[in-house]
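# Fold and geometry: a report
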Amino acid sequence: MPPLLEALGLEARYGWTKVLHDLRFSVEEGGITTILGANGAGKTTTLRAVCGMVKTAGEIRFDGRRIDGKATEDLVRLGIAHAPEGRGTFVGLTVEENLRLGAYARKTKASIADDLDRIYQYFPVLLERRRQLGGTLSGGEQQMLAIARALILRPRLLLLDEPSLGLAPLVVREIFRIVRTINKEQGVSVLLVEQNASMALRLADHAYLLETGRVVMSGPSTEVGKDDSVRRAYLGY
Amino acid sequence: MNSEISETVEAASAGEVAARVSAPPRVTPRAWEVAGLLALIAGACLLPFELSGFRLFQFTQVFVYAIALLGLNILTGYNGQISLGHGAFYGIGAYTAAIMIDRWGVPYGWTVPVAGVLCLVVGFLFGLPALRLEGLYLALATFALALSVPQILKHFDGWTGGSQGIVLSRPAAPLGLPLTADQWLYFLSLGVLLVLFMLGWNLLRGRTGRALVAIRDNPIAAEAMGVNAALYKSLAFGVSAAYTGVAGALSALAIAFVAPDTFNVFLSITFLVGIVIGGLASISGPIFGALFIQFVPNYAQDISKAAPWAIYGIFLIVFMYVMPYGVSGFLRLAWRRLTRATAGTRPK
Amino acid sequence: MEIFLQQVVSGLATGGIYGSLALSLVMIYQATDVVNFAQGEMAMFSTYLAWSLMNHGLSYWLAFALTVTVAFVGGLAIQRLIMRPVENAPILTIVIVTLGLLVIFNSVAGWIYSYIIQPFPSPFPTTAIRVGSVVFGPHDLGAIGVTLVLLILLYAFFRFTSLGLAMRAAAQNPASSRLVGIRVGWMLALGWGLAALVGAVAGMMVAPVIFLEPNMMSGILIYAFASATLGGFTSPGGAVLGGFLVGVIENLAGTYISFIGTDLKLTVALVLIILVLLVKPSGLFGRAVVRRV
Ligand SMILES: Nc1ncnc2c1ncn2[C@@H]1O[C@H](COP(=O)(O)OP(=O)(O)O)[C@@H](O)[C@H]1O
Ligand SMILES: [Mg+2]
């Protein structure tokens with residue numbers, strides 16, 4: 001079976017500057033793949049490239065079909081949901097409105113109420129805050145909101161951009177636990193980019209290491225986690 | 001469709017867009033600007049001996065507009081404060097000249113600097129409360145100023161002659177120079193324009209210019225760096241008003257007539273059009289802008305008698321499509337393309 | 001007291017018009033940071049359209065319905081065809097394009113319909129309405145009613161429909177909106193369409209009072225601008241309330257402050273507004289703009 005998402009010779013540029021070089025990676029159907037890298041390595045750009053938010057060259061396939069060059073709005077309709085860097089909260093809308101927006105591009109509108117209930121089960125704190133403005137949530141709550149908003153699309157692929165950034169370890173653990181549950185229960189495939197390598201490696205089944213826009217290592221997470229240079233540079237032991 | 005992010009990013013890295021609100025901080029003129037300016041001055045000195053009286057008058061008007069536009073550009077282009085009311089300062093300048101000459105018999109030569117100083121003070125004072133007003137609110141306040149000026153002028157009809165206005169006689173050339181009144185006014189305006197441009201250029205390329213641009217682009221950081229934003233903003237207002245007031249005084253001399261309804265809101269809007277068409281925050285922009293606001297309405301009239309302003313509107317829109325950064329922004333880009341192409345350093 | 005009440009009601013009637021036009025300004029401003037200077041002229045043009053439809057024998061409300069439809073489509077088309085090419089240009093550049101539209105509409109209206117002032121019918125009965133000893137103009141009350149209905153419909157649309165929600169989202173955060181699949185460009189176009197529709201209604205409501213001519217909206221636009229500023233350019237509801245306030249202040253000032261008369265009414269209203277703004281620079285109901293370092 002072909003992978004759900006596959007990038008071949010992927011390049012991306014901002015203006016004249018090329019920031020991704022000849023990237024190759026894939027996400028298996030039902031799998032969790034992580035791309036690790038330091039600040040500025042190109043993780044966010046990789047996710048933006050997948051959703052058509054930057055100019056790219058090379059091939060991106062989703063479910064076997066070419067998707068490079070497609071508009072972001074159309075990719076959402078194929079089932080690619082993105083919890084972006086900075087969380088992308090609609091700060092002036094209520095939590096519930098934020099979530100309703102997540103379902104905007106859904107084909108089946110009928111079961112949105114049910115899905116909202118299920119989402120609230122995953123993220124009880126959002127239920128408490130559903131009438132509050134998005135901008136009034138804490139960082140961790142906004143991260144949950146971003147993931148919840150992505151999930152209500154019923155995506156096939158979930159793109160997560162550093163969900164651990166700036167959050168307390170306990171909150172991070174909670175969020176990762178939920179991502180794992182969602183992956184198990186709903187079969188959503190996940191592409192996670194992270195600096196927090198130890199958490200990401202524990203969650204993912206496959207890992208890539210990104211340095212200045214190039215993949216410098218890849219393999220099953222357990223293998224990558226054992227590599228000496230990775231341990232020294234990213235895991236700190 | 002491309003996302004907004006990728007587009008803005010691309011433009012920014014190409015150096016075209018620093019901020020969406022205004023053109024990039026370009027204070028020192030480019031080589032082409034200097035060369036073009038010199039050629040223009042040389043040509044400008046020959047013009048009066050080639051053109052008929054009315055044509056010449058139109059170019060005198062171009063210089064006068066250019067002064068006003070430079071003034072507005074200091075405020076809006078360099079300092080980022082949008083004024084929809086500079087017609088008011090133009091009017092104050094014009095009436096200062098007219099009243100001094102007609103009512104008090106002051107020699108006309110004095111009226112221009114006095115108009116400048118008066119507008120400097122009025123502008124500075126107006127700039128003080130305006131400090132509290134951001135963006136649109138400032139636009140509204142200045143708009144109100146523009147609206148009220150014709151009414152105020154009519155109100156004090158003892159001085160201003162009310163709706164009738166004041167008729168002046170055109171000054172003759174001094175020192176027995178063999179020039180017609182048209183030619184003399186032309187050279188006078190050109191001279192004032194050159195002096196004010198040199199002053200403006202000196203002001204803008206130095207510390208003051210950098211401070212103004214810094215306040216426009218990043219007011220909080222500018223304050224943190226020790227720039228007294230309040231002072232600079234009021235000063236920008238004052239200087240800008242002074243330039244426009246000088247232009248107004250010159251226009252009163254050139255037209256030899258002032259009337260309240262000339263200085264209406266549309267004049268202010270015309271000035272705004274002029275600086276955007278010419279190019280914000282550029283030294284040469286006011287010249288291009290002045291040429292546009294002086295001549296394009298006439299051409300529009302030639303094209304269609306029935307709906308000249310529709311033609312003018314189409315010109316405006318097409319101009320903005322082709323040159324979103326104004327004429328000077330367009331030339332700057334063309335110049336860069338040219339040098340890059342000849343140097344062969346275009347990055348892959 | 002009777003005069004006071006009458007002035008307040010007629011102030012509310014014109015205020016509703018200012019508020020409606022202010023609302024159209026705010027709808028576009030929130031989405032694009034641009035003040036559409038052509039808003040008034042678009043409304044004027046729509047009103048002329050209604051006028052010629054009625055001259056061709058259509059009934060008032062049929063002409064009304066057709067006009068708002070055409071205005072909506074027209075506003076949408078203007079955004080798609082004329083504003084879109086300068087979408088990423090500096091804001092003042094976009095403002096100049098709207099000024100271009102202003103002079104085009106004004107000039108073309110003068111060309112087609114001439115600058116001769118025309119009467120415009122009111123759909124409301126002409127018999128004055130008495131409440132106790134106070135007499136109200138029926139058109140005033142009707143215009144207030146139409147304005148309120150329109151505002152309630154708009155509120156419901158933005159508040160309760162998913163399209164309305166998407167439009168709000170697109171105005172606030174275009175990047176995130178794309179990520180949930182909202183076609184931001186079309187939301188902007190819809191915003192222009194709705195703004196034009198609201199403007200058309202305002203034009204048709206004010207035309208019986210100030211008569212029809214190509215420059216009829218320039219004064220109204222200034223009041224609308226003042227209303228939006230007073231209420232806060234970031235707050236649609238505030239803009240509408242600002243409109244009512246400006247309408248009432250204008251009328252009362254004209255009636256009770258003798259030196260103002262009709263000539264200085266506009267100036268005095270604006271000066272009052274500026275004084276208010278000096279005390280509260282973000283408008284009465286607006287949010288202060290948070291600046292990033
Ligand atoms: N909007 C942008 N414009 C220009 N360059 C950018 C932009 N965003 C990121 N970059 C550059 O691209 C590179 C990769 O950035 P990014 O993908 O954000 O890295 P990461 O998410 O791994 O921290 C960096 O060198 C960064 O400076
Ligand atoms: Mg990142």
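Residues numbered from 1 in each chain as written. Chains lettered and ligands numbered in written order. Predicted model: local features only at pLDDT ≥ 70, side-chain atom pairs only at ≥ 80, totals over all residues. Heavy atoms only, no water.

Helix and strand content of chain B: 15 helices and 2 strands. The buried share of chain B, reckoned over its 348 residues, is 53%. Considering only intrachain contacts with a sequence separation of at least 6, the fraction spanning at least 24 residues in chain B is 80%. Counting only carbon and sulfur atoms, one obtains 69% of the accessible surface of chain B, whose full area is about 14,500 Å². (Helix = DSSP H or I, 4+ residues; strand = E, 2+ residues; numbered from the N terminus. Buried < 20%, exposed > 50% of the residue type's maximum accessible area, 1.4 Å probe, protein only. Contact = heavy atoms within 4.5 Å. Areas by Shrake-Rupley, 256 points an atom, 1.4 Å probe, with all protein chains shown as cover.)

Within chain A, the regular secondary structure consists of 10 helices and 10 strands. For chain A, the C-alpha radius of gyration of 17 Å lies close to 18 Å, the compact-globule estimate for 237 residues. Principal axes of the C-alpha set define a box for chain A whose edges measure 45 × 40 × 35 Å. Here chain A holds 237 residues, and 57% of them are scored as buried. (Rg over C-alpha atoms; globule rule 2.2 N^0.38 Å.)

For the rest of this paragraph, the subject is the interface of chain B and chain C. Contact with chain B, which involves 44 residues of that partner, is made by 51 residues of chain C. Buried surface at the junction of chain B and chain C, both sides included, amounts to about 4,400 Å², of which 74% is carbon and sulfur. Applying the counting rule to chain B against chain C returns 0 salt bridges. Inspection of the region where chain B meets chain C yields 3 residue pairs in polar contact (both at pLDDT 80 or more). Looking at the side of chain B that touches chain C element by element, the count peaks at 10 residues for helix α14 (residues 308–322) of chain B. Partitioning the side of chain B that touches chain C into residue classes produces 33 nonpolar, 6 polar and 5 charged. (Buried area = accessible area lost by both parts, 1.4 Å probe. Salt bridge = Lys/Arg side-chain N within 4 Å of Asp/Glu carboxyl O. Polar contact = N/O pair within 3.5 Å; in protein donor to acceptor, adjacent residues only side chain to side chain. Nonpolar A, V, L, I, M, F, W, Y, C, P; charged D, E, K, R; others polar.)

What follows concerns the coordination of the magnesium ion (ligand 2). The protein atoms that coordinate the magnesium ion (ligand 2) are T44 of chain A (OG1) and E85 of chain A (OE), at distances spanning 2.0 to 2.1 Å. Here E85 of chain A lies in the loop between β6 (80–83) and α3 (95–102) and T44 of chain A lies in helix α1 (residues 43–50), a separation of 41 residues in the sequence. (Donors = N, O, S within 2.8 Å, 3.2 Å for Na, K, Ca; no water.)

With that settled, consider the nonpolar core. Within the largest apolar cluster, 208 residues are counted, with the highest numbers of intra-cluster contacts made by V273 of chain B together with F233 of chain C. It is helix α8 (residues 184–210) of chain C that provides the largest number of residues to this core, a total of 17 residues. Once residues lying within four places of it in the same chain are set aside, the contact partners of F233 of chain C are L136 and Y137 of chain B together with L25, V26, Y29, Q30, V35, F225 and A228 of chain C. Judged by nonpolar contacts, the second largest core, of 50 residues, contains I152, L203, A207 and Y234 of chain A. (Core = buried A, V, L, I, M, F, W, Y, C linked by side-chain atoms within 4.5 Å.)

To continue, consider the pattern of salt bridges. Residues and elements named next belong to chain A. Tallied over the entire structure, the rule returns 19 salt bridges over all chains. E11 serves as the salt-bridge partner of K18, at 3.3 Å between the closest nitrogen and oxygen. Accessibility expressed as a relative area gives 24% for E11, which makes it partly exposed. One continuous salt-bridge network, built from bridges that share partners, spans E59, R61, R66 and D68.

Moving on: empty space enclosed by the protein. Unoccupied space between atoms shows up once a probe the size of one water molecule is rolled over them. Summed over the entire model, instances satisfying the criterion amount to 3 cavities of 30 Å³ or more. By volume, the largest cavity amounts to about 80 Å³. Lining the largest cavity are V76, A81, H82, G102, A146, R149, A150 and L153 of chain A together with S176, L179 and V180 of chain C. Those elements giving two or more residues to the lining of the largest cavity turn out to be β6 and α6 (139–151) of chain A together with α7 (174–179) of chain C. (1 Å grid on protein atoms, 1.4 Å probe; cavity = no way out; pocket = protein on both sides within 12 Å on 5 of 7 lines; lining within 4 Å. Points joined across faces, edges and corners; volume = space filled by probe spheres on them.)

What follows concerns the side chain of S148 of chain B. Residue and element names in this part refer to chain B. When you line up the elements, S148 lands in helix α6 (residues 135–155). We classify S148 as buried; its relative accessible area is 8%. Polar side-chain contacts of S148 include one of 3.0 Å to the backbone oxygen of L145.

All names here are of chain A. Taken together, 4 strands build an open sheet; the order of strands is β2-β1-β4-β5 and the sheet is antiparallel. Strand pairing shows two members of the sheet lacking a second neighbour, β2 (17–27) and β5 (65–66), which therefore form its edges. Taken together, the 7 bridges between strand β1 (residues 5–14) and β2 define a ladder with antiparallel strand orientation. Within β2, the position partnered with E6 by the bridge is S26. Packing against the sheet, α1 makes contact with β1, β2 and β4 (55–62), and its axis sits at approximately 70° to β2. (Pairing = 2+ DSSP bridges. Axes fitted to C-alpha atoms, helices over the stretch in contact; angles between N-to-C directions.)

Turning our attention to the packing of helix α5 (residues 138–160) of chain C against helix α6 (residues 162–172) of chain C. All names here are of chain C. For the pair α5 and α6, the least separation of the axes is 5 Å and the interaxial angle reads 80°. Taken together, the axes of α5 and α6 lie roughly perpendicular to each other. Residues F157, F158, R159 and F160 of α5 form the contact with α6, whose participating residues are S162, L163, G164, L165, M167 and R168. In the contact of α5 with α6, the residues fall into 6 nonpolar, 2 polar and 2 charged. (Parallel < 35°, antiparallel > 145°, perpendicular 65-115°, else oblique.)

Let us now look at the sheet that holds strand β9 (residues 206–211) of chain A. Residue and element names in this part refer to chain A. One open sheet holds the 6 strands; their spatial order is β6-β7-β8-β3-β9-β10, and the pairing between them is mixed. The open sheet terminates on both sides in strands that have one partner only, identified here as β6 and β10 (214–220). Looking at each pair of strands side by side, their axes are set apart by 15° on average, direction ignored. Taken together, the 5 bridges between strand β3 (residues 32–37) and β9 define a ladder with parallel strand orientation.

Aromatic rings considered in pairs are described by the distance between their centres and by the relative angle of their planes. The final tally for this structure, using the stated rule, is 27 aromatic pairs over all chains. Among the aromatic residues, those joined into a ring-pair cluster are Y65, Y90, Y95, F263 and F271 of chain B. Its end group placed over the ring of W201 of chain B, R205 of chain B keeps NZ or CZ at 4.7 Å from the ring centre. The ring of W186 of chain C carries R80 of chain C above its face, with NZ or CZ at 4.3 Å from the centroid. (Phe/Tyr/Trp six-rings, centres within 6.5 Å; stacked < 30°, edge-to-face > 60°. Lys NZ or Arg CZ within 6 Å of the ring centre and 35° of its normal.)

Turning our attention to the side chain of S111 of chain A. Residues and elements named next belong to chain A. Counting through the fold element by element, S111 comes out in the loop between α3 and α4 (112–122). Of the residues examined, S111 reaches a relative accessible area of 17% and is grouped as buried. In terms of polar contacts, S111 uses its side chain to reach the side chain of R106, at 3.1 Å. In contact with S111, other than residues within four places in its own chain, are R106 and R154.

Caution applies to low-pLDDT parts of the model: their predicted coordinates are not meant to be read in detail. Taken over all residues, the pLDDT of chain B has a mean of 80, while the share at 70 or more is 89%. Scoring the predicted complex yields pTM 0.84 and, for the interface, ipTM 0.91. (pLDDT = per-residue confidence, 0-100.)

Time to look at helix α2 (residues 39–55) of chain C. Residues and elements named next belong to chain C. Taking 1.5 Å per residue, 17 residues should reach 24 Å; α2 reaches 25 Å between its end C-alpha atoms and fits that length. The buried fraction of α2 amounts to 14 of the 17 residues, a majority that puts the element mostly inside the structure. Looking one or two residues past α2, G57 carries a phi angle of roughly 100°, positive in sign. (Expected span 1.5 Å × (residues − 1).)

Right, let's talk about the pairing of strand β7 (residues 157–161) of chain A for a bit. All names here are of chain A. In terms of burial, β7 is largely enclosed, as 5 of its 5 residues are buried. With burial as the criterion, each face of β7 is covered, one bearing L157, L159 and D161 and the other bearing L158 and L160. Pairing between β6 and β7: 4 bridges, direction parallel. Residue pairing for β7: H82 is matched across the bridge by L159. Each parallel crossover has a hand, and the one from β7 via helix α7 (residues 169–186) to strand β8 (residues 189–194) is right-handed. (Right-handed = clockwise from strand over helix to strand, strands pointing away.)

One non-glycine residue with positive phi stands out, namely D22 of chain A, at about 45°. The phi torsion at A256 of chain B lies on the positive side, around 60°, for a residue other than glycine.

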